[in-house]
Amino acid sequence: MSFTLPNLNYSYDALSPHFDAKTMEIHHSKHHAGYTNNLNTAIIGTDFENKNIKEILTSPNLPTSIRNNGGGYYNHCLFWEILSPNPNNASSDFMNLINKNFKSWDSMQEEFSKAAGTRFGSGWAWLCSKDGTLSICSTPNQDNPLMLDGCGGIPILGLDVWEHAYYLNYQNRRPDYIKAFWNLVDWSMVEAKYQASL
Ligand SMILES: [Fe+2]
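Here's a quick rundown of the structure.

Turning next to the nonpolar core. By size, the foremost hydrophobic cluster in this structure holds 59 residues, and its most contacted members are Phe79, Leu83, Leu127, Leu157, Tyr177, Phe181 and Trp187. It is helix α3 (residues 64-82) that provides the largest number of residues to this core, a total of 8 residues. Residue contacts for Leu83: discarding those within four places in its chain leaves Tyr10, Leu15, Phe19, Phe181 and Leu184.

Right, dumping it as structure tokens:
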């Protein structure tokens, strides 16, 4: 099987002013396309050729190129899905779940933003579900919570904190980019991913 760069459900300029059009275009059509193409090249002639992306990411002894590009492929697919120019609020059920796991909505956002802000170098912040319990973690590079040395949760929300995700618009101001991200999170999609994780 080979992997395909997914189309976005919105135009490159739709998330402006929070995420600018030029960054979105380069991020999707160059960076995500690059991970997708490199993953397809890396799996040719290997045991990974007939596996889906979750089977690949949860395999032991991943070769570096498959780990990096498989993670990059999967992580960006999830990232585009949970963003929206017209994001839905969380349902009262999901708000209750957040309150139960993090004391409050604000403390969940604070913990996630801290994970994203303190990730040294390139990586991701995640909200994960494990047996219905929510937790926050971060991973370096294009690693993913699903990987065998990950946190063991299923990611339902992710934030890319590679400089390629924000540098054109925010330069070194990663905290401003993280703050802007919250305006774009489609909580109905996050909740759907939570339900699917159960
Ligand atoms: Fe990225």
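Picking up after the structure, the text goes on.
Okay, the side chain of Asn40 next. Within the secondary structure layout, Asn40 lies in helix α1 (residues 21-43). Here Phe3 takes part through its backbone nitrogen, which lies 2.7 Å from a polar atom of the side chain of Asn40. Other than its neighbours up to four places away in sequence, Asn40 contacts Ser2 and Phe3.

Our next topic: the pairing of strand β1 (residues 123-130). A regular strand carries its side chains on alternate faces of the sheet. Judged by how many residues are buried, β1 sits mostly within the fold: 7 of 8 residues are covered. Two elements, β1 and strand β2 (residues 133-140), share 8 bridges in a ladder whose sense is antiparallel. For Ser129, the partnering residue across the bridge sits in β2 and is Leu134. Of the strand pairs in this sheet, β1 and strand β3 (residues 154-160) are connected by 6 bridges, and their pairing is antiparallel. Opposite Trp124, over in β3, you have Asp160 as the bridge partner.

Take the packing of helix α4 (residues 92-102) against helix α5 (residues 105-118) next. It is at 8 Å that the axes of α4 and α5 come closest, and there the two elements cross at 65°. In terms of their interaxial angle, α4 and α5 are classed as roughly perpendicular. Relative to α5, α4 is oriented so that their crossing is left-handed. Of the residues in α5, those in contact with Met95, Ile98, Asn99 and Phe102 of α4 are Trp105, Ser107, Met108 and Glu111. Partitioning the contact of α4 with α5 into residue classes produces 5 nonpolar, 2 polar and 1 charged.

Rules behind the numbers
Every residue gets a number counted from 1 within its own chain, in the order that chain's sequence is written. Selection of residues for local features in this predicted model requires a pLDDT of at least 70, selection of side-chain atom pairs for listing and counting requires 80 or more, and totals for whole chains, interfaces and linings are taken over all residues. Only hydrogens and water are set aside when side-chain values are computed; all heavy atoms of the structure are taken into account. As used in this record, nonpolar core signifies buried Ala, Val, Leu, Ile, Met, Phe, Trp, Tyr and Cys residues forming a set joined through side-chain atoms within 4.5 Å. Residue exposure (1.4 Å probe, protein chains only): buried if accessible area is under 20% of the type maximum, exposed if over 50%, otherwise partly exposed. Numbering of helices and strands runs from the N terminus; a helix is a DSSP stretch of H or I covering at least four residues, while a strand is a stretch of E covering at least two. Should any heavy atoms of two residues lie within 4.5 Å, those residues are considered in contact. N or O atoms within 3.5 Å of each other form a polar contact, as long as, within protein, one can give a hydrogen and the other can take it, and as long as residues adjacent in sequence are counted only when both atoms are side-chain atoms. By this definition, two strands are paired if DSSP reports at least two bridges between them. Lines fitted to C-alpha atoms define the axes, with helix axes restricted to the stretch in contact, and inter-axis angles between N-to-C directions lie between 0 and 180 degrees. Between 65 and 115 degrees an angle is taken as roughly perpendicular, under 35 as roughly parallel, over 145 as roughly antiparallel, and anywhere else as oblique. Helix crossings get a hand from a simple test, with the near helix turned counterclockwise from the far one by less than a right angle marking a left-handed crossing and a clockwise turn marking a right-handed one. Each residue gets one of three labels, nonpolar for Ala, Val, Leu, Ile, Met, Phe, Trp, Tyr, Cys and Pro, charged for Asp, Glu, Lys and Arg, and polar for the others, Gly among them.

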